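This is what each chain is made of:
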Amino acid sequence: MVKYKEDFYKLYHVHYQQYPDDCMENIYWLEKAVQADFCNPQFVDFKITNEKEWEKYRYLFQMHLNLKLIEQHLRLGRIYDKKCIYFYDAPWKDEYLRNMEKALSCYKAGLYYWQETKVWYEKADAPSFNWLFITDKQNWEDERERIKTGELNYEKMLNREIERLEKNIQELNQMDKKY
């Protein structure tokens, strides 16, 4: 039975070639994982020895889930995104605009998850955890550290994509006047 965060997270998977349905399926499972309860610490896939480890694990897991949601929204947005606008795109303007609106909504959803990620990062990076590292989840610890140093900053990337996309939408909307 799929009931806990850990169970829903196991249903998340990345395909070599990701189609929109694959991204939406992953977003669905990750959303369910965010909303679900944690399983009992004895059923986690590594040994938790004290309450402090359990607390940090929960914060890191929530942070990690939100980062994965951002990645999936970026992948989904890139499927619909038209990176460059050319003068010969005028006949397909309406279709491009519909797709670019979808991409824009994906990128904006990513910004929401970035705010959530920062909330959980701050909890996982509290001074009380300074000397506590969950080495069995090293990649989550690495994500936390990369956020701390600014090396991992989806807000900057998402804002850049949104700005570029809004410029392209504006350029497409003005195409009737030019051609």
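Chemist: For this particular structure, what's the right way to read the overall build of the protein chain?
Modeler: For the protein chain, the count of helices and strands is seven helices and zero strands. Ordered by position from N to C terminus, the α and β elements of the protein chain give α-α-α-α-α-α-α. Taken along the three principal axes of its C-alpha coordinates, the protein chain extends 70 × 35 × 25 Å. Considering only intrachain contacts with a sequence separation of at least 6, the fraction spanning at least 24 residues in the protein chain is 79%. Charge-centre separation for the protein chain: the mean point of 29 positive side chains lies 2 Å from the mean point of 32 negative side chains.

Chemist: Could you clarify how one ought to interpret the side chain of H73 in this entry?
Modeler: Along the chain, H73 falls in helix α3 (residues 51–80). Judged by relative accessible area, H73 falls into the buried class, the value being 8%. Setting aside chain neighbours within four positions, we find H73 in contact with I27, C106, A109, G110 and Y113.

Chemist: Looking at this structure, how should I read the packing of α3 against helix α5 (residues 138–149)?
Modeler: How two helices pack is summed up by the angle between their axes together with the distance between the axes. Interhelical geometry of α3 versus α5 gives an angle of 75 degrees and a closest axis separation of 10 Å. One finds that α3 runs roughly perpendicular with respect to α5. Where α3 abuts α5, its residues K56, Y57, L60, F61, M63, H64 and L67 lie against N139, W140, E141, E143, R144 and I147. Among the residues forming the contact of α3 with α5, the class breakdown is seven nonpolar, two polar and four charged.

About the cut-offs
- Residues numbered from 1 in each chain as written.
- Predicted model: local features only at pLDDT ≥ 70, side-chain atom pairs only at ≥ 80, totals over all residues.
- Heavy atoms only, no water.
- Helix = DSSP H or I, 4+ residues; strand = E, 2+ residues; numbered from the N terminus.
- Contact = heavy atoms within 4.5 Å.
- Lys, Arg positive; Asp, Glu negative; His and termini not counted.
- Charge placed at Lys NZ, Arg CZ, Asp CG, Glu CD.
- Buried < 20%, exposed > 50% of the residue type's maximum accessible area, 1.4 Å probe, protein only.
- Axes fitted to C-alpha atoms, helices over the stretch in contact; angles between N-to-C directions.
- Parallel < 35°, antiparallel > 145°, perpendicular 65-115°, else oblique.
- Nonpolar A, V, L, I, M, F, W, Y, C, P; charged D, E, K, R; others polar.

Take it as geometry only, folks, not as evidence of what the structure does.
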